[in-house]
Amino acid sequence: MTLYSRITGTGSFLPPRRLTNADLAAELASKGVETSDEWIVERTGIKARHFAAPDVSSSDLAVEAARHAMDAAGLKPSDIDLIIVATSTPDMVFPSAACIVQHKLGIAGCPAFDVQAVCSGFVYALTVADAMIKTGTARKALVIGAEVFSRILDFSDRTTCVLFGDGAGAVVLEASTTPGILSSDLHADGKHVDILCVPGHVSGGQAQGNPLLKMDGPAVFKLAVGVLESSARAVLAKANLLDTDIDWLIPHQANIRIMQSTAKKLKLPLEKLIVTVDEHGNTSAASIPLALDVAVRSGKVKKGDTVMLEGVGGGFTWGAVLLNY
Ligand code: ACO
């Protein structure tokens, strides 16, 4: 019998501290950095973001999101036999955030590892988990995206610090006799390393050395718009579906203009675009599972819907997953 994988539960978690653009602008003004709600909303669609408290790390956010996803799937931690965490802001250089999550969930023994593909991390992680389930290596996987990007922001650089937020999203992916994940498409091109990078690192959930994010926003924008369309077309072709078959488009939540342009290229009405960037900012690897969970819990995404997930980010990395929810 052919084995497939299916999402059986979603969950998410945002740290309680919410900053509107006005809150952030006021904080930045006290450091001599000028920005405004008007500029941020017009260029990005972001209205607010959440920042984790200093003693809260990615694994803490991941565990909360994972518990919500397991509750939705009707599973206990002891049922889980694979944990993959997509993150670029792990608690430590090693062990992986996934191992720390496993311990915090009170389980041991199952494989646990991180995937690092920046904002494409969740579509990479979901594709790896899907492959492991299809080969019989796992049956009930937790796939999580979790980030504390606030730790790696340069708050003297207004071109980047207003864009990002912290949070986590998770899904339970289970073996199934009916197809859930229909197709995926992953890519990377390391020659673009300089347009979006963090030269230093994070340790103990805190920044070390020179670990602040640098981004050439307009260059990333131009690349993102092109690859999001090509990846969307690739997963549709692999699954033998048309753009008119898509019920919901859930792209990486970085910038509303990039998301709307992708929807237009796929000739999707904007009502089929799931948008959480306004409330979450760009939460990197957490953005897609966070948006998926919001869409599921709000009743938009329903069982049987065809959903397109799309990631793009540092590396340069990009990819898409097409699934039957
Ligand atoms: N507040 C006020 N003014 C600002 C701010 C700010 N926060 N930031 C920049 N400006 C000014 C600039 O200084 C510039 O002023 P000037 O014309 O006097 O020189 C002006 O606004 C325009 O700046 P641009 O950088 O050209 O603005 P743009 O319209 O390109 O928007 C943005 C910038 C929002 C970053 C956009 O390029 C973007 O969204 N890029 C893609 C980001 C993305 O998708 N990332 C995904 C991957 S993230 C990851 O992988 C971690």
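As shown above, the structure is provided for reference.
Please read all numbers here as calculations on a predicted model, not as lab measurements.

1. A look at the environment of Leu196
1) Next: Mapped onto the elements of the fold, Leu196 is located in strand 9 (residues 196–197).
2) Next: On the basis of relative accessibility, which here comes to 12%, the residue Leu196 falls in the buried class.
3) Next: Sequence separation between Leu196 and Gly304 is 108 residues, and the spatial gap between their C-alpha atoms is 37 Å.
4) Next: For Leu196, the contacting residues outside a window of four places in its chain are Leu213, Lys214, Met215, Val220, Gly313 and Gly314.

2. Observations concerning the environment of Ser287
1) Next: Structurally, Ser287 is set in helix 10 (residues 287–297).
2) Next: Given the relative accessible area of 2%, Ser287 is considered buried.
3) Next: When the C-alpha atoms of Ser287 and Lys222 are compared, they prove to be 20 Å apart, with 65 residues separating the residues in sequence.
4) Next: In terms of polar contacts, Ser287 uses its side chain to reach the side chain of His252, at 2.7 Å.
5) Next: Looking at Ser287, its side chain comes within polar contact range of the main-chain nitrogen of Gln253, at 3.0 Å.

3. Re the site of the ligand
1) Next: Taken together, 27 residues lie around the ligand, and Thr35, Arg43, Cys119, Arg158 and Asn255 are the ones closest in.
2) Next: Note that a nitrogen atom of the ligand is positioned 3.0 Å from one of the backbone N or O atoms of Gly217.
3) Next: Note that an oxygen atom of the ligand is positioned 3.4 Å from one of the backbone N or O atoms of Pro218.
4) Next: A total of 1,000 Å² of accessible area belongs to the ligand in isolation, and the protein chains cover 75% of it.
5) Next: At the level of secondary structure, the elements contributing two or more residues to the shell around the ligand comprise helix 2 (37–44), helix 6 (158–161), helix 7 (217–238), helix 8 (256–265) and strand 14 (306–313).
6) Next: For the shell around the ligand, the element with the most residues is helix 7, which contributes four residues.
7) Next: In the shell around the ligand, the residues fall into 15 nonpolar, eight polar and four charged.
8) Next: Each of domain 1 (4–176) and domain 2 (181–324) gives at least three residues to the shell around the ligand.

Conventions we followed
Residues numbered from 1 in each chain as written. Predicted model: local features only at pLDDT ≥ 70, side-chain atom pairs only at ≥ 80, totals over all residues. Heavy atoms only, no water. Helix = DSSP H or I, 4+ residues; strand = E, 2+ residues; numbered from the N terminus. Buried < 20%, exposed > 50% of the residue type's maximum accessible area, 1.4 Å probe, protein only. Contact = heavy atoms within 4.5 Å. Polar contact = N/O pair within 3.5 Å; in protein donor to acceptor, adjacent residues only side chain to side chain. Near = heavy atom within 4 Å. Areas by Shrake-Rupley, 256 points an atom, 1.4 Å probe, with all protein chains shown as cover. Nonpolar A, V, L, I, M, F, W, Y, C, P; charged D, E, K, R; others polar. Domains from an automatic or database assignment.

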